[in-house]
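Residue-level structural notes
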Amino acid sequence: MTERVGRATMRDVAALAGVSIKTVSRVVNDEPGVAQQVRMRVQDAVGRLDYRHHLAASNLRRGGGRSGLIGALLQDVGNSFSAALLRSLEDAARARGTAILSASLDEEPERERTLVHDLVTRRVDGLVLMPSTDRQDYLSSEVRAGMPVVFVDREPRGIAADSVTVENVEGALMGTEHLLAQGHRRIACLTDLPDIPTAQQRLQGFVDAHRARGVHPDERLTVTGLRGPAAGEAAVSRLIDLDRPPTAIFAGRNDLAQGAVRALRRRGLSESVAIVGFDDFPLADLLTPPLTVIRQDVVRIGRLTADLLVARLDGDERPPQRIVVEPTLVVRGSGEIPPSD
């Protein structure tokens, strides 16, 4: 007998069980109206053939066009912030019997457009987006067609949609003011690409904190366009070698804070230069000294994002909601080191 090649189909199950395809459909979809003996025969055939039910197609037929899938496009699912956010979304989706398709955008606008197109063609029920593009009006037709889109971490531009963001200016101001209050005046600022809204806002908070005290930040100590911990480490190494190096560092991302910590440790300055990082990360409290951070409540952000998306899927027709979450200062030790001179 020739071994069957390829996946088993519903027709294969029906033939082995001696029933109709409709009966197989009722059994695999756990619908009533099938005698117990027949149900067991179908289930036995499913097991013997290792049949995998096409859940998405079934959902589309039974759920008014719903696929049971949600797309989540974040900047870097390897980053602790995006990873924690994705986990929070997954927990909410699981409770609803929904699966999440996720991907990283890596600040690449064309990648964003391509992935959004791919998810839309796969009939996702909704989309969570941390955008890379300057404007997102390319989504207008999908939104008009009824697909819910919730923006997270960054507000939408060119389109009216729900959003959940953090008060970045206030958080950066809070962290910088904390360093100024310790007596620091030569504070370095490390930020991401200058065209990223969150980077712009955190730099603005850094400047605003200085202005509030009548102090002008040293432009030589502000480094933008940094991507990842290695870039942060290299930037801090260069700053330390200045004739008047910084006595403190405000890192506008958790990975930049990690890079700064490595640079200071390598130069034996961990106990001499203060650091405040924006956003927490695992093991930050176990560093020497423990890292003082501006913490975003990622679990709450994820829950609020999921709540907005679920409400839209359930028919909520209110105007777009804009939710802004306040960050908090977590004092641990690194941000309380006094100036060395």
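Anyway, here's the lowdown on the structure attached to this text.

A short note on the sheet that holds strand β10 (residues 292–295)
Hydrogen bonds between backbone atoms are what pair the strands of a sheet, whose relative direction is either parallel or antiparallel. Pairing within the open sheet is mixed, and its six strands lie in the order β7-β6-β8-β9-β10-β12. Here the strands that pair on one side only, and so sit at the sheet edges, are β7 (222–223) and β12 (328–330). In this sheet, strand β8 (residues 248–251) lies alongside strand β6 (residues 187–190) in parallel orientation, the contact comprising four bridges. Residue pairing across strands places Ala-188 opposite Ile-249, the latter belonging to β8. Its contacts with the sheet place helix α9 (residues 197–212) against β6, β7, β8 and β9 (274–278), and it is angled at close to 165° to β6.

Comments concerning the side chain of Thr-23
Positionally, Thr-23 belongs in helix α2 (residues 21–28). A distance of 3.0 Å separates polar atoms of two side chains, one belonging to Thr-23 and the other to Ser-20. The residues contacting Thr-23, other than those within four sequence positions of it, are Val-34, Val-38 and Val-42.

Concerning the nonpolar core
In terms of nonpolar packing, the biggest core is built from 24 residues, with Leu-190, Val-236, Ile-249, Leu-264, Ile-275 and Leu-291 touching the most fellow members. Elements with a contribution of two residues or more to this core: β6, α10 (229–240), β8 and α11 (254–266). When residues in this core are grouped by element, the largest group, six residues, is from α11. Residues in contact with Val-236, not counting those within four places in the same chain, are Leu-190, Ile-249, Ala-260, Ala-263 and Leu-264. Residues Leu-86, Leu-89, Val-164 and Leu-304 belong to the second largest nonpolar core, which totals 21 residues.

Reading guide: rules and limits
Residues numbered from 1 in each chain as written. Predicted model: local features only at pLDDT ≥ 70, side-chain atom pairs only at ≥ 80, totals over all residues. Heavy atoms only, no water. Pairing = 2+ DSSP bridges. Helix = DSSP H or I, 4+ residues; strand = E, 2+ residues; numbered from the N terminus. Contact = heavy atoms within 4.5 Å. Axes fitted to C-alpha atoms, helices over the stretch in contact; angles between N-to-C directions. Polar contact = N/O pair within 3.5 Å; in protein donor to acceptor, adjacent residues only side chain to side chain. Core = buried A, V, L, I, M, F, W, Y, C linked by side-chain atoms within 4.5 Å. Buried < 20%, exposed > 50% of the residue type's maximum accessible area, 1.4 Å probe, protein only.

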